Amino acid sequence: MNLALWVLGVLLSGYLIGCLHGSYVAQRLSGVNVKEQGIKNAGASNATIVLGKKYGALVAFIDIGKGILAIGLLRLILGSTALSFDVQWILLFLMGASVVIGHNYPFWMGFDGGKGTASVIGVMLVLDWRIGLAGLLLLIVISLVTDYLLIGVLFLYITFFILALWVTDSTMPLVITSALFLLALWKHRENILRLKTRTEPRVSSVFKKKKAVSTQ
């Protein structure tokens with residue numbers, strides 16, 4: 001198989017895997033479409049805001065899992081090929097980018113999905129579990145310390161840049177990661193504006209809200 005077919009196959013399969021949304025599972029179980037409530041987003045953070053921590057964790061588990069699945073399967077397949085080290089890494093990063101794009105722009109949701117953070121975590125965990133785990137822990141710690149998930153997401157992408165620089169001498173993984181970062185900024189543009197006006201939902205407010213609801 002020539003390289004063009006590899007790239008095409010990776011882009012298509014990654015996109016289709018990315019289109020598998022945890023928010024749809026949450027909707028089927030709860031009867032609530034999270035895209036129509038809260039901050040009207042199909043990601044785990046909005047599922048937590050609208051439905052609570054358990055549903056938020058379920059959505060995150062599924063959306064992280066599809067990143068793990070896509071990269072894990074491709075890595076197994078690439079292990080039996082004669083493709084060079086750098087080409088394999090480029091294909092792995094392309095697969096990760098395709099999963100995120102599928103998550104953000106699923107065809108069956110009218111190309112209006114989530115923001116890709118959970119899928120990026122899954123991708124990073126399989127590309128290099130040490131840096132991926134560091135990125136996840138940094139996301140959690142920074143989000144809790146600053147009380148804003150958005151700031152934690154920015155630090156997650158910093159570790160993604162480090163991963164792209166660490167694993168190979170090729171510049172393409174860094175280019176792909178930079179493109180994903182720009183996409184993340186675009187998808188979070190409303191969050192950035194709310195952060196500037198201090199109207200962005202705080203991490204602590206989500207837990208306080210659910211605690212208040214449970215005690216009524």
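Residues numbered from 1 in each chain as written. Predicted model: local features only at pLDDT ≥ 70, side-chain atom pairs only at ≥ 80, totals over all residues. Heavy atoms only, no water.

## What to know about the packing of helix 2 (residues 22-30) against helix 4 (residues 53-78)
At a closest axis distance of 8 Å, the pairing of helix 2 and helix 4 adopts a crossing angle of 145°. When the axes of helix 2 and helix 4 are compared, the crossing they make is right-handed. Contacts between helix 2 and helix 4 involve Gly22, Ser23, Val25, Ala26, Leu29 and Ser30 on the former and, on the latter, Tyr55, Leu58, Val59, Ile62 and Asp63. Residue composition of the contact of helix 2 with helix 4, by class: 7 nonpolar, 3 polar and 1 charged. (Axes fitted to C-alpha atoms, helices over the stretch in contact; angles between N-to-C directions. Helix = DSSP H or I, 4+ residues; strand = E, 2+ residues; numbered from the N terminus. Left-handed = near helix turned anticlockwise from the far one by under 90°. Contact = heavy atoms within 4.5 Å. Nonpolar A, V, L, I, M, F, W, Y, C, P; charged D, E, K, R; others polar.)

## Side note on the layout of surface pockets
The computed volume of the largest pocket comes to approximately 940 Å³. Taken together, 37 residues line the largest pocket, and the ones lying closest to its centre are Ala44, Ser45, Thr48, Leu139 and Leu149. A total of 7 residues in the lining of the largest pocket trace back to one element, the largest contributor, which is helix 4. Looking at the lining of the largest pocket residue by residue, the class counts come to 21 nonpolar, 11 polar and 5 charged. The volume enclosed by the second largest pocket comes to roughly 230 Å³. In this structure, the second largest pocket is lined by 13 residues; those nearest its centre are Asn41, Asp112, Lys115, Lys187 and Glu190. (1 Å grid on protein atoms, 1.4 Å probe; cavity = no way out; pocket = protein on both sides within 12 Å on 5 of 7 lines; lining within 4 Å. Points joined across faces, edges and corners; volume = space filled by probe spheres on them.)

Interpretation in functional terms is not warranted from these geometric data alone.
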